[in-house]
Amino acid sequence: MAPAVHHIRSVTEAYLARHPEERDSLTTLFAALAAPDDPTSRKTYPAHVTCSAILTDGDRRVLHVVHKASGKLLAPGGHNEPDDRHLRDAALRELHEEAGIPPSAVVPLSGYEDVPLDIDVHAIEANPSKDEPAHRHVDFRWAFHLAAEHAVTLQAEEVDGYEWRPFASAASPTVRAKLTLLT
């Protein structure tokens, strides 16, 4: 069963308790939560929830993958699936699917077990081939640490390559800022 609206709202409020200055930037999310459609469905417009895994290693680096659809270097992540009971579950599933790293090889960053490191709202261009209008993704970015050595094994259908980047070079400016604050 997909994450329930009350779960998403609870996670969001816990996040905003840490980052109250970001409340105004999440108006798109609050509108999606108030709408009658499932906010985690990829067919919910004008916005829906996605989840990403911010995976760090012992050398203070973060994993990025090259998504074929956009050509961008991003954290592993994507849409929720019906079997994802919680938002964090979707991030772990996407990490495993896109980079081949199983949930057993990672642990949540201390203090981020139930709260995402970052929530980002970004625009997605229309995709006529998929009959998708322009819309927004509200991406819950969950922080994990690689606890056991594990090779990255890319999902060839969706991912072209990967790169471990230092925290200070993370692709997302908001993730970069939050990672550099970690001790």
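Data block above holds the structure.
Residues numbered from 1 in each chain as written. Predicted model: local features only at pLDDT ≥ 70, side-chain atom pairs only at ≥ 80, totals over all residues. Heavy atoms only, no water.

So what's going on with the overall build of the chain? Which residues, and what values?
Assigned secondary structure in the chain consists of 4 helices and 8 strands. When its helices and strands are written in sequence order, the chain yields α-α-β-β-β-β-α-β-β-β-β-α. In terms of overall dimensions, the chain is globule-like: its C-alpha atoms have a radius of gyration of 15 Å, near the 16 Å expected for 183 residues. Taken over the C-alpha atoms alone, the chain extends approximately 45 × 40 × 30 Å along its principal axes. (Helix = DSSP H or I, 4+ residues; strand = E, 2+ residues; numbered from the N terminus. Rg over C-alpha atoms; globule rule 2.2 N^0.38 Å.)

Quick rundown of the nonpolar core? Include the residues and the values.
In terms of nonpolar packing, the biggest core is built from 30 residues, with Leu55, Ile101 and Phe140 touching the most fellow members. Secondary-structure elements contributing two or more residues to this core are helix H1 (5-18), helix H2 (27-34), strand S1 (47-56), helix H3 (87-99) and strand S7 (135-146). No other element matches H3, which puts 6 residues into this core. When sequence neighbours within four positions are dropped, the list of residues in contact with Phe140 reads Ile8, Val11, Thr12, Leu29, Val49, Thr50, Cys51, Ser52, Leu87, Pro116, Asp118 and Ile119. Val62, Ala75, Tyr112 and Leu117 belong to the second-largest nonpolar core, a separate cluster that totals 11 residues. (Core = buried A, V, L, I, M, F, W, Y, C linked by side-chain atoms within 4.5 Å. Buried < 20%, exposed > 50% of the residue type's maximum accessible area, 1.4 Å probe, protein only. Contact = heavy atoms within 4.5 Å.)

Outline H2, listing residues and values.
Residues of H2 that are buried include every one of Leu29, Ala32 and Leu33, and no others. Along H2, the residues classed as buried sweep out an arc of 100° about the axis, all on the same side. Elements in contact with the buried residues of H2: H1, S1 and S7. (Arc of directions from axis to C-beta.)

Give a detailed account of the packing of aromatic side chains, specifying residues and quantitative values.
Under the definition given, this model contains 0 aromatic pairs. Over the face of the ring belonging to Tyr112 we find Arg18, whose NZ or CZ atom lies 4.8 Å from the ring centre. (Phe/Tyr/Trp six-rings, centres within 6.5 Å; stacked < 30°, edge-to-face > 60°. Lys NZ or Arg CZ within 6 Å of the ring centre and 35° of its normal.)

Tell me about the environment of Tyr45, and please be specific about residues and values.
Topologically, Tyr45 is positioned in the loop between H2 and S1. As a C-alpha pair, Tyr45 and Pro133 span 88 residues in sequence and 7.9 Å in three-dimensional space. Every residue in contact with Tyr45, bar those within four places of it in the chain, is listed here: Glu132, Pro133 and His135. A distance of 3.4 Å separates the side chain of Tyr45 from the backbone oxygen of Arg42, its partner in a polar contact. (Polar contact = N/O pair within 3.5 Å; in protein donor to acceptor, adjacent residues only side chain to side chain.)

Help me get a handle on the packing of H1 against H2, residues and values and all.
In helix packing, the relevant descriptors are the interaxial angle and the interaxial distance, both defined with respect to the helix axes. The geometry of H1 relative to H2 is characterised by a closest axis approach of 10 Å and an angle of 160° between their N-to-C directions. Relative to H2, H1 is oriented roughly antiparallel. Crossing geometry of H1 relative to H2 is assigned as left-handed. Contacts from Val5, Ile8, Arg9, Thr12, Glu13 and Leu16 in H1 reach Leu29, Phe30 and Leu33 in H2. Split into classes, the residues belonging to the contact of H1 with H2 amount to 6 nonpolar, 1 polar and 2 charged. (Axes fitted to C-alpha atoms, helices over the stretch in contact; angles between N-to-C directions. Parallel < 35°, antiparallel > 145°, perpendicular 65-115°, else oblique. Left-handed = near helix turned anticlockwise from the far one by under 90°. Nonpolar A, V, L, I, M, F, W, Y, C, P; charged D, E, K, R; others polar.)

Got a sec to walk through the side chain of Asn80? Specific residues and values, please.
Structurally, Asn80 can be placed in the loop between strand S4 (77-79) and H3. Asn80 sits in the buried class, given a relative accessible area of 6%. Here the side chain of Asn80 touches Val49 through a polar contact of 3.2 Å, landing on its backbone oxygen. Contact partners of Asn80, with chain neighbours within four places excluded, come to Pro3, Thr40, Val49, Thr50, Cys51, Leu87, Ala90 and Arg93.

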